[in-house]
Amino acid sequence: MKVGVVGCAGRMGQMLVREVIKTEGCELSGGTEQPKNKALGIDAAIYSGLPECGHTISEDSEKLFAKSDIVIDFTLPAATLMHLNYAEQHETSLILGTTGHNQNALEAIVKASENITIVKAMNFSIGVNALFALTEKLSSMLDASFDIEVLEMHHKHKLDAPSGTAIALGEAAAKGRSVYLDDVSVRGRDGISDARKKGEIGFASLRGGEVVGDHSIIFASESERIELTHKAGSRGIFSRGAVVAALWTKDKSPGLYNMQDVLGLNKGS
Ligand code: NAD
C-alpha cells in the first residue's frame, strides 16, 4: 500500500513517517509541508531521524494524493477541505487525525465519504477507543444522580480546546444516557454563577509542558465517585493506530469509518 503523509514535519507527521517506513505492507509514497516550512526540500525519512528514503518533502499535496493509495492527515483543520478535494479527484483513501473541525468541515467530510474511504478518529490509540466503549457502557448503567465531568491535559502547543478526545468521551457518555451532547454540554465554567444542573456533561482543559494527552471521565454522585483515566505515554500510540487503520481500509467500500470500526469494537452495538 502506497502511503503519503501530509504535514510530515509536524510532531505527529514525523512519527507517522517512521511508522509507515517500518510497517510491512506499507511503502512511503512521499510527504508534504506547507509553503515556507523549513523542512521543504529535505528527505522525509532523514527529517524523521531515519536513513534517506528518496522522497524530498514537497508542498505539492495534489501530486502526493495522485501517487498514493492512501494519505494520512494530522495537520490543521484549515487544510482539510483542500485534502478532501484532492482525495476525491484521485480516488485516494484518507486517514484523518486532525482535530478541531468546524461544522462546515465536518459536513464536507461526510459528503466526501460518499465517494472515498475515510477513517476519522479523534484519537487513534487502542486504549482510548476501549475507554470510549467503557464510558458508554458505564454511562448507560448510572442515572443522572451521577454528574459527569471530562478533564483533559495536553502539551502547551495544542491549539484546540477541549481536545477532540475529550469531546468524543462526552459523546460516548451522552450516547450511554440516550441524550445529545450538544443539549447537555458545558464548556468551562468561568463566569457562570449558577449551580451545576442535573444531567450536564462538563469539560475542563489544562495546558502545559509536553504532556502527550491525559483524559479522565468522572461520574460523581453525592457519596461516591467513579473515575476512568487514560494517559498517553508517547505519540507512537496514535501513529501506530493510524497505520493499522490505513492497512484496514484495503478493499473497504467508500464510507466514513472510525477507529472503533477498525478495532471491531462496534460489533453487535
Ligand atoms: P504540529 O503543529 O506539530 O504538526 C502539524 C503539521 O502540519 C505542521 O508541520 C504544519 O506545518 C503542517 N501543515 C499545516 N497545514 C498544512 C498543509 N496545508 N499542508 C501540509 N502540511 C501542513 O501538530 P501535531 O501535534 O502533529 O498535531 C496535528 C493535528 O493532529 C492536531 O489537530 C492534533 O490535535 C491532531 N492529533 C490527533 C491525534 C489523533 O489520534 N486523532 C493524535 C495527536 C494529534
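Provided above is the structure to which this section pertains.
Predicted model only: the values in this text are computed from it and were never measured.

Thresholds, definitions, all that
Residues numbered from 1 in each chain as written. Predicted model: local features only at pLDDT ≥ 70, side-chain atom pairs only at ≥ 80, totals over all residues. Heavy atoms only, no water. Helix = DSSP H or I, 4+ residues; strand = E, 2+ residues; numbered from the N terminus. Rg over C-alpha atoms; globule rule 2.2 N^0.38 Å. Buried < 20%, exposed > 50% of the residue type's maximum accessible area, 1.4 Å probe, protein only. Lys, Arg positive; Asp, Glu negative; His and termini not counted. Charge placed at Lys NZ, Arg CZ, Asp CG, Glu CD. Pairing = 2+ DSSP bridges. Axes fitted to C-alpha atoms, helices over the stretch in contact; angles between N-to-C directions. Contact = heavy atoms within 4.5 Å. Disulfide = S-S within 2.5 Å. Core = buried A, V, L, I, M, F, W, Y, C linked by side-chain atoms within 4.5 Å. Near = heavy atom within 4 Å. Polar contact = N/O pair within 3.5 Å; in protein donor to acceptor, adjacent residues only side chain to side chain. Phe/Tyr/Trp six-rings, centres within 6.5 Å; stacked < 30°, edge-to-face > 60°. Lys NZ or Arg CZ within 6 Å of the ring centre and 35° of its normal. Parallel < 35°, antiparallel > 145°, perpendicular 65-115°, else oblique. Left-handed = near helix turned anticlockwise from the far one by under 90°.

Asker: Teacher, can you tell me more about the overall build of the protein here?
Answerer: Along the backbone of the protein there are ten helices and eleven strands. Computed over the C-alpha atoms, the radius of gyration of the protein is 19 Å, within 12% of the 18 Å expected from 2.2 N^0.38 for a compact globule of 269 residues. Per-residue burial for the protein yields a buried fraction of 48% across its 269 residues. Distance from the positive charge centre (28 side chains) to the negative charge centre (34 side chains) of the protein: 3 Å.

Asker: What is the right way to read unusual backbone geometry from this model?
Answerer: Glycine aside, residues mostly have negative phi angles, and peptide bonds mostly take the trans form. With an omega of -5 degrees, the peptide bond between Ala-161 and Pro-162 qualifies as cis. Among the secondary structure elements, Pro-162 is positioned in the loop between strand E6 (147-154) and helix H7 (164-176). The backbone of Ser-178 shows a phi angle near 55 degrees, a positive value even though the residue is not glycine. On the accessibility criterion, Ser-178 (67% relative accessible area) is exposed. Of note, the phi angle at Asp-251 is positive, near 70 degrees, even though the residue is not glycine.

Asker: When you look at the sheet that holds strand E8 (residues 201-207) in this model, what are you seeing that I'm missing?
Answerer: Remark on secondary structure: sheet strands pair via backbone hydrogen bonds, oriented parallel or antiparallel. Strand order in the open sheet made by the five strands is E7-E8-E6-E9-E10, with mixed pairing throughout. Strand pairing shows two members of the sheet lacking a second neighbour, strand E7 (185-187) and strand E10 (225-231), which therefore form its edges. Recorded for the sheet is a direction-independent mean angle of 15 degrees between the axes of neighbouring strands. Note: E7 against E8, three bridges, orientation parallel. Along E8, the bridge assignment pairs Arg-187 with Phe-203. Each of E6, strand E9 (214-220) and E10 touches helix H6 (residues 126-141); the most contacted strand, E10, lies at about 165 degrees to it.

Asker: Explain helix H4 (residues 77-89) to me, please; I cannot follow it from the model alone.
Answerer: Each α-helix turn comprises 3.6 residues. Residues three or four places apart therefore point the same way. For H4, every residue scored as buried is listed here: Ala-79, Thr-80, His-83, Leu-84, Tyr-86 and Ala-87. Residues of H4 that are buried in the fold lie against strand E1 (2-6), helix H3 (61-66), strand E3 (70-73), strand E4 (93-96), helix H5 (103-112) and strand E5 (117-120). Just downstream of H4, Glu-91 is the residue with a positive phi angle, here 50 degrees.

Asker: Looking at this structure, I do not really get the state of the cysteines. What am I missing?
Answerer: Here is the idea: a disulfide is a covalent bond, and it sits between the sulfur atoms of two cysteines. Here the structure, examined in full by the defined rule, presents zero disulfides. The thiol of Cys-8 is unpaired, and the distance to the nearest cysteine sulfur, on Cys-53, comes to 8.9 Å. In this structure Cys-8 comes out as buried when scored by relative accessible area, which is 1%.

Asker: What is the right way to look at the nonpolar core in this model?
Answerer: One broad rule of soluble globular proteins: the nonpolar side chains tend to lie buried together. Val-20, Ile-72, Ile-95 and Phe-124 are the most contacted members of the largest nonpolar core, which has 30 residues in total. Secondary structure elements with two or more residues in this core: E1, helix H1 (11-22), E3, helix H9 (236-248) and helix H10 (259-263). In terms of residue count, the dominant contributor to this core is H9 (five residues). If we skip the residues at most four places from it in the chain, Ile-72 touches Val-3, Gly-4, Val-5, Val-6, Leu-16, Val-20, Ile-95, Ala-242 and Val-243.

Asker: How do you make sense of the site of the ligand when you look at a structure like this?
Answerer: Around the ligand, the surrounding shell holds 23 residues, and the nearest of these are Arg-11, Met-12, Glu-33, Thr-99 and Phe-124. Between the ligand and the protein, one listed contact pairs an oxygen atom with a backbone N or O atom of Arg-11 at 2.8 Å. Interatomic distance of 2.9 Å between a backbone N/O atom of Phe-124 and an oxygen atom of the ligand. Breaking the shell around the ligand down by element, the ones donating at least two residues are H1 and H4.

Asker: When you look at the packing of aromatic side chains in this model, what are you seeing that I'm missing?
Answerer: Inspection of the entire model under this criterion finds three aromatic pairs. Measuring from centroid to centroid gives 6.1 Å for Phe-65 and Tyr-86, while their planes differ by 50 degrees, and the two rings are tilted. Of this pair, Phe-65 sits in helix H3 while Tyr-86 sits in helix H4; the two residues are 21 residues apart in sequence, bridging distant segments of the chain. In this structure, Arg-187 is placed above the aromatic ring of Phe-203, and the distance from its NZ or CZ to the ring centre is 5.7 Å. Note that Lys-252 overlies the ring of Trp-248, its terminal NZ or CZ placed 4.4 Å from the centroid.

Asker: Would you mind going over the packing of H6 against H7 with me for this structure?
Answerer: When two helices pack together, their arrangement is given by the angle between their axes and by how far apart the axes lie. Packing of H6 against H7 leaves a shortest axis separation of 7 Å and a crossing angle of 30 degrees. As summarised for this structure, H6 and H7 are arranged roughly parallel, according to the angle between their axes. For the pair H6 and H7, the crossing hand works out as right-handed. Residue-level contacts link Val-128, Leu-131, Phe-132, Thr-135, Glu-136, Ser-139 and Ser-140 of H6 to Thr-165, Ala-168, Leu-169, Ala-172, Ala-173, Lys-175 and Gly-176 of H7.

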